[in-house]
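Report on the structure
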Amino acid sequence: GHGKLLYINIGCFTCHGRAGQGGAYNGPAPILAKTQLPFDGFKGQLRDPVNDMPAYSDAVLSDKDVADIFAFVQTLPTRRPAKDIAILNN
């Protein structure tokens, strides 16, 4: 959907990973898959970020765009616990 396209096109994946798994491109980037952050907190971080994240103004990303990205990251699977990965239990 639109949220996934935005996530890729504006470069969220560069730091947060294609599956929202987090990363360490320029310091630790949080895991976004199934984020527990409420929408207003998510939007606040995009508009006025902490750490090294660039800001995304309303001119760049509308509130609807932010909502679409938020909805997309909520669909991403979180890491499975090791006990659920068969090969690790042999």
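The numbering scheme is per chain: residues are counted from 1 as the chain's sequence reads. A pLDDT threshold of at least 70 governs which residues receive local features in this predicted model, and a stricter bar of 80 or more applies before side-chain atom pairs are shown or counted, although totals over entire chains, interfaces and linings include all residues. Side-chain calculation: all heavy atoms of the structure are included, whereas hydrogens and water are not.

**Looking at the side chain of Asp65**
Tracing the sequence through the fold places Asp65 in helix H4 (residues 63-75). Whether two residues are in contact is decided by their heavy atoms, any of which lying within 4.5 Å being enough. Residue contacts for Asp65: discarding those within four places in its chain leaves His2, Leu6 and Val60. For the purposes of this entry, the term helix denotes a DSSP run of H or I that reaches at least four residues, the term strand denotes a run of E that reaches at least two, and both are numbered from the N terminus.

**As for the environment of Lys34**
Note on placement: Lys34 falls in the loop between helix H2 (12-16) and helix H3 (39-47). Under the scheme applied here, a residue whose accessible area is under 20% of the maximum for its type counts as buried, over 50% as exposed, and between as partly exposed, the area being computed with a 1.4 Å probe on protein chains only. Note on Lys34: relative accessible area 35%, which makes it partly exposed. Sequence separation between Lys34 and Thr75 is 41 residues; the distance between their C-alpha atoms is 6.7 Å. Here Lys34 is in contact with Val73, Gln74, Thr75, Leu76, Pro77 and Thr78, once residues within four sequence places are set aside. Here a polar contact is taken to be a pair of N or O atoms separated by no more than 3.5 Å, where protein atoms must pair a possible hydrogen donor with a possible acceptor and residues adjacent in sequence count only if both atoms sit in side chains. Among the polar contacts listed, one links the side chain of Lys34 to the backbone oxygen of Gln74, at a separation of 3.2 Å. A distance of 2.9 Å separates a polar atom in the side chain of Lys34 from the backbone oxygen of Leu76.

**With respect to unusual backbone geometry**
Its identity is not glycine, yet Lys34 carries a phi of approximately 50 degrees, on the positive side. Not every positive phi belongs to a glycine, and Asn51 is a case in point at roughly 60 degrees. Inspection of the secondary structure puts Asn51 in the loop between H3 and H4.

**So, the confidence of the model for the chain**
Reading fine detail from the predicted coordinates is not recommended where pLDDT is low. Per residue, pLDDT captures the predictor's confidence, and it can take any value from 0 to 100. Residue-level pLDDT values for the chain average 89, and 91% of them are 70 or greater. Per-element confidence in the chain ranges from a low mean pLDDT of 93 for H2 to a high of 97 for H4.

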